[in-house]
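# Structure at a glance
Okay, here's what each chain looks like letter by letter:
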Amino acid sequence: MSRRGADQIFEAWARWCVSGGVCMPSGSSMMAKMIESKGHMMFGSGGGSSPIVDCIEAKVEAALMQLFITDPITVKVVRFEYLGRFIGVDDGEPLNQMQKAHQLDLSLRTYERRLAKGRNHVLTKLGR
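Residues numbered from 1 in each chain as written. Predicted model: local features only at pLDDT ≥ 70, side-chain atom pairs only at ≥ 80, totals over all residues. Heavy atoms only, no water.

All right, on to the environment of Glu112 then. One can find Glu112 in helix H6 (residues 108-125). Remark: the alpha-carbon pair of Glu112 and Val77, spanning 35 residues in sequence, is separated by 8.8 Å. (Helix = DSSP H or I, 4+ residues; strand = E, 2+ residues; numbered from the N terminus.)

Here it is in structure tokens:
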């Protein structure tokens, strides 16, 4: 799998995490669901389609939770790399990896090594 393809998977996972971990069926956005239910997120409440729980984003999260048991620092690095801009870490200018490593009190080399280990673990679990 190309680096770009892997990045797209992790970017989709990050957006999925921020949206509350719900994969919507194609053609149905979170906004559409909220409009349908007058501002409340109500999945599985009658007509319409239900959220998809077996999606690639959920599989990424499952792989990271599995890795967390043996290597929580690596999972923290992966989350920081991809979720940083969503959780307010990259408020202004996006942080580069050196700055992210510094915030986690790691050397750049250790940050890069942990990120590669986490990405490889997830991609292996996904069969890619």
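This part covers the environment of Asn120. Along the polypeptide, Asn120 turns up in helix H6. When the C-alpha positions of Asn120 and Ala6 are compared, they lie 9.7 Å apart, and in sequence the two are 114 residues distant.

Attention now moves to the pattern of salt bridges. Inspection of the entire model under this criterion finds five salt bridges. In this structure, Arg79 and Glu61 form a salt bridge, with 2.7 Å as the shortest nitrogen-oxygen distance. Placement of the pair is Arg79 in helix H4 (residues 72-83) and Glu61 in helix H3 (residues 56-70), with a sequence separation of 18 residues. The exposure class assigned to Arg79 is partly exposed, which follows from its relative accessible area of 24%. According to the relative accessible area criterion, Glu61 is buried, its value standing at 14%. Where Asp71 meets Lys117, a salt bridge forms, and the shortest distance between an N and an O atom there is 2.6 Å. Of this pair, Asp71 sits in the loop between H3 and H4 while Lys117 sits in helix H6, placing them 46 residues apart in sequence. Exposure remark for Lys117: the relative accessible area of 44% places this residue in the partly exposed category. Three or more residues joined by partner-sharing salt bridges are found here, namely Asp71, Arg114 and Lys117. (Salt bridge = Lys/Arg side-chain N within 4 Å of Asp/Glu carboxyl O. Buried < 20%, exposed > 50% of the residue type's maximum accessible area, 1.4 Å probe, protein only.)

The subject of this paragraph is the packing of H3 against H4. Relative to each other, H3 and H4 sit at 145 degrees, their axes nearing to 6 Å. Mapping the contact onto sequence places Glu61, Leu64, Leu67, Phe68 and Thr70 in H3 and Pro72, Thr74, Val75, Val78 and Arg79 in H4. Of the residues that constitute the contact of H3 with H4, the class distribution is six nonpolar, two polar and two charged. (Axes fitted to C-alpha atoms, helices over the stretch in contact; angles between N-to-C directions. Contact = heavy atoms within 4.5 Å. Nonpolar A, V, L, I, M, F, W, Y, C, P; charged D, E, K, R; others polar.)

With that settled, consider the nonpolar core. Side chains that are nonpolar tend, in soluble globular proteins, to be buried together. Judged by nonpolar contacts, the single largest core of 25 residues is most densely connected at Phe10, Trp13 and Val60. Secondary-structure elements contributing two or more residues to this core are helix H1 (3-18), H3, H4 and H6. Once you skip the residues sitting within four places of it in the chain, Trp13 turns out to touch Glu57, Val60, Glu61, Leu64, Val78, Arg79, Tyr82 and Leu83. (Core = buried A, V, L, I, M, F, W, Y, C linked by side-chain atoms within 4.5 Å.)

No statement about biological role is implied by the geometric values presented.
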